[in-house]
Amino acid sequence: MSSSRTTTTSARTTRRLTALGLGLACATLGTAVPAGAVSAAPSPTAAAAPHSHYTPSAGQAADNKAFFEAVLDSVAKKQAAHPGIKSVTVYYNASQAPSFSSQIASAASVWNGSVSNVKLQATSGSGDFTYYEGNDPQGSYASTDGHGSGYIFLDYAQNQQYDSVRVTAHETGHVLGLPDHYSGPCSELMSGGGPGTSCTNRYPDASERSRVEQLWAAGLAKALDKLNKVR
């Protein structure tokens, strides 16, 4: 449950492009493949390495915002192309994280039952963001290239240590616009790993739900307005 990250350096780009096994998926989905992504689950006996990246770092809030805005722009383009659509839907592709299919579905259900201004829906095609799985010492995270393509990376070891649905729902919260708040209590979904491995709360609290509702009510309207002005 690390912060969402914006990938802007050439070194990071090179590191992603060298990831093995998912090159075809990258070309199909139009999304950079995260380093450490693999196509199969690890042995269940694999030792869980500690993940302590729960201290906010400089630029973290900006990275979270960048991910949200990239997804917002992607959704706005779909809305503009189909003005008759009544509800805002964010589409995700989970085909590259088969080991977490249940957790991803549960996380989507958590958010769909918690907010009404935006809904999450699975797709087998090109989504607004993609889930990947694999090994990364930094743990799970949400990332964007800043140009409309984003993904959530789910780390095996971290998901063995922490409640896996909480991890997935937390990272999905970044897609919906929420920042990390590691100093918060277990009752806050975006407190992530701050409360420790015993915390199994998978639901956003009232404040987090309210914030997402506000972001998608106002944010989508602004994004659509921006698209209309560009035309």
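Keep in mind that what you see is a predicted model, and the values were worked out from it rather than measured.

### Topic: the overall build of the protein
Item 1. Regarding its fold elements, the protein presents seven helices and six strands.
Item 2. Each helix and strand of the protein, placed in order from N terminus to C terminus, yields the pattern β-α-α-α-β-α-β-β-β-β-α-α-α.
Item 3. When each of the 231 residues of the protein is scored for burial, the buried share is 49%.
Item 4. Put simply, 69% of the contacts in the protein that link residues at least 6 apart link residues at least 24 apart.
Item 5. For the protein, the exposed surface amounts to about 10,300 Å²; the carbon and sulfur share of it is 55%.

### A closer look at the packing of aromatic side chains
Item 1. The tally for this structure, following the rule as stated, stands at eight aromatic pairs.
Item 2. One aromatic cluster is present, formed by Tyr132, Tyr141, Tyr151 and Phe153 through successive ring pairs.

### With respect to the side chain of arginine 166
Item 1. Looking at where arginine 166 falls in the secondary structure, it is placed in helix α6 (residues 164-175).
Item 2. The buried charged residue arginine 166 lacks any salt bridge partner; its closest oppositely charged side chain belongs to aspartate 163, at an N-O distance of 6.8 Å.
Item 3. Not counting residues within four places of it along the chain, the set of residues in contact with arginine 166 comprises Met1, Cys186, Glu188, Leu189, Ser191, Gly192, Pro195, Cys199, Thr200, Asn201 and Arg202.

### Remarks on the environment of tyrosine 91
Item 1. Position of tyrosine 91 among the secondary structure elements: in strand β2 (residues 89-96).
Item 2. Judged by relative accessible area, which is 27%, tyrosine 91 ranks as partly exposed.
Item 3. In contact with tyrosine 91, not counting residues within four places along its chain, are Lys78, Gln121, Ala122, Thr123, Gly127, Asp128 and Phe129.

### Regarding the state of the cysteines
Disulfides are covalent bonds that link the sulfur atoms of two cysteine residues.
Item 1. Taken as a whole, this structure holds one disulfide when the rule is applied.
Item 2. Across the disulfide, cysteine 186 is cross-linked to cysteine 199 (sulfur-sulfur distance 2.0 Å). Since a negative S-S torsion denotes a left-handed disulfide, the cysteine 186-cysteine 199 link at about 90° is right-handed. With cysteine 186 in the loop between α6 and α7 (206-230) and cysteine 199 in the loop between α6 and α7, this pair connects stretches of sequence that are 13 residues apart.
Item 3. For cysteine 186, a relative accessible area of 27% puts it in the partly exposed group.

### Observations regarding the packing of helix α4 (residues 101-112) against α6
Item 1. Two elements in contact, α4 and α6, have axes separated by 8 Å at closest approach and are oriented at 55°. As far as their axial angle goes, α6 and α4 are oblique. Two packed elements cross with a definite hand, and for α4 against α6 that hand is right-handed. Across the interface between the two elements, Gln103, Ile104, Ser106, Ala107 and Trp111 from α4 touch Ser164, Val165, Thr168, Ala169, Thr172 and Gly173 from α6.

Conventions and cut-offs
Residues numbered from 1 in each chain as written. Predicted model: local features only at pLDDT ≥ 70, side-chain atom pairs only at ≥ 80, totals over all residues. Heavy atoms only, no water. Helix = DSSP H or I, 4+ residues; strand = E, 2+ residues; numbered from the N terminus. Buried < 20%, exposed > 50% of the residue type's maximum accessible area, 1.4 Å probe, protein only. Contact = heavy atoms within 4.5 Å. Areas by Shrake-Rupley, 256 points an atom, 1.4 Å probe, with all protein chains shown as cover. Phe/Tyr/Trp six-rings, centres within 6.5 Å; stacked < 30°, edge-to-face > 60°. Lys, Arg positive; Asp, Glu negative; His and termini not counted. Salt bridge = Lys/Arg side-chain N within 4 Å of Asp/Glu carboxyl O. Disulfide = S-S within 2.5 Å. Axes fitted to C-alpha atoms, helices over the stretch in contact; angles between N-to-C directions. Parallel < 35°, antiparallel > 145°, perpendicular 65-115°, else oblique. Left-handed = near helix turned anticlockwise from the far one by under 90°.

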